[in-house]
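Read off the chains here:
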Amino acid sequence: MTAQFKKLTLKPATLDDAEYVNRLINQAYRGQEGWTRETDIVDGKRSSIEDVRDLIKNPDSHILVAKLNEVLTACICVEEKEKQAYIGTFAVNPTFQNQGIGKIVLSLAEDYAVDKLGSQQLLMVVISQREELISFYERRGYQRTGKISEYPVHLNVGVPIIEGLTIEYLEKNITTDSC
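Note that this is a predicted model, so its numbers are computed, not measured. (Residues numbered from 1 in each chain as written. Predicted model: local features only at pLDDT ≥ 70, side-chain atom pairs only at ≥ 80, totals over all residues. Heavy atoms only, no water.)

Asker: Whenever I open this one, the pairing of strand 9 (residues 166–173) confuses me. Can you help?
Answerer: The two faces of a sheet get side chains in turn, since along a regular strand they alternate between them. As paired elements, strand 6 (residues 121–127) and strand 9 share 7 bridges and run antiparallel to each other. Paired with valine 126 across the bridge in strand 9 is glutamate 168. Where strand 7 (residues 143–150) meets strand 9, 5 bridges bridge the pair, whose relative direction is antiparallel. Residue pairing in the sheet places glutamate 150 in a bridge with threonine 166 of strand 9. (Pairing = 2+ DSSP bridges. Helix = DSSP H or I, 4+ residues; strand = E, 2+ residues; numbered from the N terminus.)

This is the structure in structure tokens:
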């Protein structure tokens with residue numbers, strides 16, 4: 001990891017960022033590059049420009065972006081739910097994947113959830129069949145809850161290509177030394 005990544009910071013996305021954030025999300029989740037993507041298991045767009053704008057406008061959602069040399073490098077959403085924070089819409093530009101940026105962005109988002117929102121528990125949902133991604137989160141302190149649901153086609157986040165696609169819930173309880 002280079003020194004420039006260690007100085008990476010997250011800033012709230014603005015409506016001016018929405019188009020770029022949407023493009024990044026679709027490129028990272030459904031593109032052809034990068035170490036982690038859903039291209040082989042889910043078809044269609046992961047997000048729309050309207051979805052991103054709605055998240056930016058929602059006072060309970062915090063879309064945070066990271067830029068290097070003015071290039072959008074990553075985004076992540078932290079949604080407030082009482083003393084819990086739901087972490088999602090996490091995307092790293094495929095050009096920058098596998099260089100440690102994802103670890104930094106996730107850690108910064110967790111700090112944001114704890115410091116700014118007072119969260120005591122972090123939650124996320126991952127496609128169950130994405131074992132490499134679940135392992136990534138487990139190495140960062142997230143645990144499988146055992147709660148599994150059908151893939152949420154009704155949310156318009158893509159259509160499963162493989163039969164039996166499910167989502168799995170992960171959680172991380174916050175202690176003074178976990179973030």
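Asker: It is not clear to me how the sheet that holds strand 9 should be interpreted in this structure. Could you clarify?
Answerer: Strands pair in a sheet through their backbones, by hydrogen bonds, and they do so in one of two ways: parallel or antiparallel. Pairing is mixed in the open sheet, where 7 strands are placed in the order 1-3-4-5-6-9-7. Edge positions in the sheet fall to strand 1 (11–12) and strand 7, since each has one partner strand and no second. When strand 1 meets strand 3 (residues 61–68), the two strands line up antiparallel, connected through 2 bridges. Across the sheet, lysine 11 pairs through a bridge with valine 65, a residue of strand 3. Packing of helix 5 (residues 131–138) onto the sheet brings it into contact with strand 5 (84–92), strand 6, strand 7 and strand 9, and relative to strand 6 it is tilted by some 165 degrees. (Contact = heavy atoms within 4.5 Å. Axes fitted to C-alpha atoms, helices over the stretch in contact; angles between N-to-C directions.)

Asker: Would you explain the packing of aromatic side chains in this entry?
Answerer: What characterises a pair of aromatic rings is the spacing of the ring centres plus the angle enclosed by the ring planes. Using the criterion set out here, one finds 2 aromatic pairs in the structure. Taking the centre distance of 5.3 Å and the plane angle of 75 degrees together, the rings of phenylalanine 136 and tyrosine 137 count as edge-to-face. Overall, the relative accessible area of 8% leaves phenylalanine 136 in the buried class. Taken together, the ring pairs in this structure connect Phe136, Tyr137 and Tyr142 into an aromatic cluster. Here lysine 81 stacks its cationic end above the ring of tyrosine 86, 5.9 Å away from the centre of that ring. Directly above the aromatic system of tyrosine 169 lies the positively charged group of lysine 147, at a separation of 4.3 Å from the ring centroid. (Phe/Tyr/Trp six-rings, centres within 6.5 Å; stacked < 30°, edge-to-face > 60°. Buried < 20%, exposed > 50% of the residue type's maximum accessible area, 1.4 Å probe, protein only. Lys NZ or Arg CZ within 6 Å of the ring centre and 35° of its normal.)

Asker: Hey, could you run me through the packing of helix 2 (residues 18–30) against helix 3 (residues 49–57) in this one?
Answerer: Angle between the axes and distance between the axes are the two parameters that describe a pair of packed helices. Running from N to C, helix 2 and helix 3 cross one another at 120 degrees; their axes reach a closest spacing of 9 Å. Overall, the two elements helix 2 and helix 3 adopt an arrangement that is oblique. Between helix 2 and helix 3 the crossing geometry is right-handed. For the pair helix 2 and helix 3, contact is made by Ala18, Glu19, Val21, Asn22 and Ile25 and by Ile49, Val52, Arg53 and Ile56, respectively. For the contact of helix 2 with helix 3, the residue count by class is 6 nonpolar, 1 polar and 2 charged. (Parallel < 35°, antiparallel > 145°, perpendicular 65-115°, else oblique. Left-handed = near helix turned anticlockwise from the far one by under 90°. Nonpolar A, V, L, I, M, F, W, Y, C, P; charged D, E, K, R; others polar.)

Asker: What is the right way to read the nonpolar core from this model?
Answerer: Note on soluble globular proteins: their nonpolar side chains tend to be buried together. In this structure, Ile76, Ile87, Val105, Leu106 and Tyr137 are the most contacted members of the largest nonpolar core, which totals 31 residues. At 7 residues, the largest contribution of residues to this core is made by helix 4 (residues 101–115). If we skip the residues at most four places from it in the chain, valine 105 touches Leu8, Leu10, Ala66, Ala74, Ile76 and Phe90. By size, the runner-up hydrophobic cluster in this structure holds 17 residues, among which are Ile49, Val52, Ile56 and Ala91. (Core = buried A, V, L, I, M, F, W, Y, C linked by side-chain atoms within 4.5 Å.)

Asker: Could you clarify how one ought to interpret helix 5 in this entry?
Answerer: Since there are 3.6 residues in each turn of an α-helix, residues three or four apart along the chain are aligned in direction. If you check which residues of helix 5 are buried, you get Leu133, Ile134, Phe136 and Tyr137. Projected down its long axis, helix 5 carries its buried residues within an arc of 155 degrees, all on one side. Looking at the buried positions of helix 5, the neighbouring elements they touch are strand 5, helix 4, strand 6, strand 7 and strand 9. (Arc of directions from axis to C-beta.)

Asker: Sorry, what's going on with helix 3 here?
Answerer: Taken together, the buried positions of helix 3 are Ile49, Val52, Leu55 and Ile56. Down the axis of helix 3, the buried side of the element spans an arc of 130 degrees, and every buried residue falls inside it. For helix 3, the secondary structure elements touched by its buried residues are helix 2, strand 3, strand 4 (71–81) and strand 5.

Asker: Hey, could you run me through the side chain of glutamine 97 in this one?
Answerer: One can find glutamine 97 in the loop between strand 5 and helix 4. Within the structure, glutamine 97 has its side chain in polar contact with the backbone oxygen of valine 92 (distance 2.9 Å). Residue contacts for glutamine 97: discarding those within four places in its chain leaves Ala28, Gly34, Trp35, Thr36 and Val92. (Polar contact = N/O pair within 3.5 Å; in protein donor to acceptor, adjacent residues only side chain to side chain.)

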